[in-house]
Amino acid sequence: MADIYEAVVNGIPVRFSSGEKLIELHDRHSLGLDFMCRAGACGVCTVVVKEGHENISERTEVENILLAMLTDDQSVRLGCQIRLNREAVIESVDLNFI
């Protein structure tokens, strides 16, 4: 039996098994995130990790390339690339306002 954890995404608590993708949780629970390409190429799905940065997957190479062009803030991630391992607090962010 997999361990079950809880994350808060845009103020919505959601339970998940370690290793689940944030995009899959959004697809099941309508978490108010925006996605377009779903592959890390467009940057529409930018989120900020408010708490639990150590509990999510490390940035992928795709994220490093795209986010280097958009922001220096290491708490900003691409929602389509995140895997949740334990508790975290994540919010949508519009990079025009960082």
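Above: the structure in question.
## Some points on the side chain of asparagine 55
Argument step 1. Residue position: asparagine 55 is located in the loop between strand 4 (46-51) and helix 2 (61-70).
Argument step 2. Sequence-distant contacts of asparagine 55, that is, excluding residues within four places in its chain, are made with Arg83, Leu84, Asn85, Arg86 and Glu87.

## A closer look at the nonpolar core
Argument step 1. With 25 residues, the main nonpolar core has Val9, Leu22, Leu33, Leu84 and Ile90 as its most contacted residues.
Argument step 2. At the level of elements, strand 1 (4-9), strand 2 (12-17), helix 1 (22-29), strand 4, helix 2 and strand 5 (76-78) are the ones that each hand at least two residues to this core.
Argument step 3. The residues contacting leucine 84, other than those within four sequence positions of it, are Ala7, Phe16, Ser17, Ser18, Gly19, Glu20, Leu22, Leu25, Asn55, Ile56 and Ile90.

## Regarding the environment of glycine 52
Argument step 1. Along the chain, the position of glycine 52 falls in the loop between strand 4 and helix 2.
Argument step 2. Relative accessible area serves as the criterion here: at 14%, glycine 52 is assigned to the buried category.
Argument step 3. With 33 residues separating them along the chain, glycine 52 and asparagine 85 place their C-alpha atoms 9.6 Å apart.
Argument step 4. Sequence-distant contacts of glycine 52, defined by excluding residues within four places in its chain, comprise Glu87 and Ala88.

## Let's talk about helix 2
Argument step 1. Taken residue by residue, helix 2 has Glu63, Leu66 and Leu67 as its buried positions. Seen end-on, helix 2 carries its buried residues on one side only, within an arc spanning 95°. More than 90 degrees from the buried face of helix 2, the exposed residues found are Glu61, Ile65, Ala68 and Met69.
Argument step 2. On its buried side, helix 2 packs onto strand 4 and strand 5.

Reading guide: rules and limits
- Residues numbered from 1 in each chain as written.
- Predicted model: local features only at pLDDT ≥ 70, side-chain atom pairs only at ≥ 80, totals over all residues.
- Heavy atoms only, no water.
- Helix = DSSP H or I, 4+ residues; strand = E, 2+ residues; numbered from the N terminus.
- Contact = heavy atoms within 4.5 Å.
- Core = buried A, V, L, I, M, F, W, Y, C linked by side-chain atoms within 4.5 Å.
- Buried < 20%, exposed > 50% of the residue type's maximum accessible area, 1.4 Å probe, protein only.
- Arc of directions from axis to C-beta.

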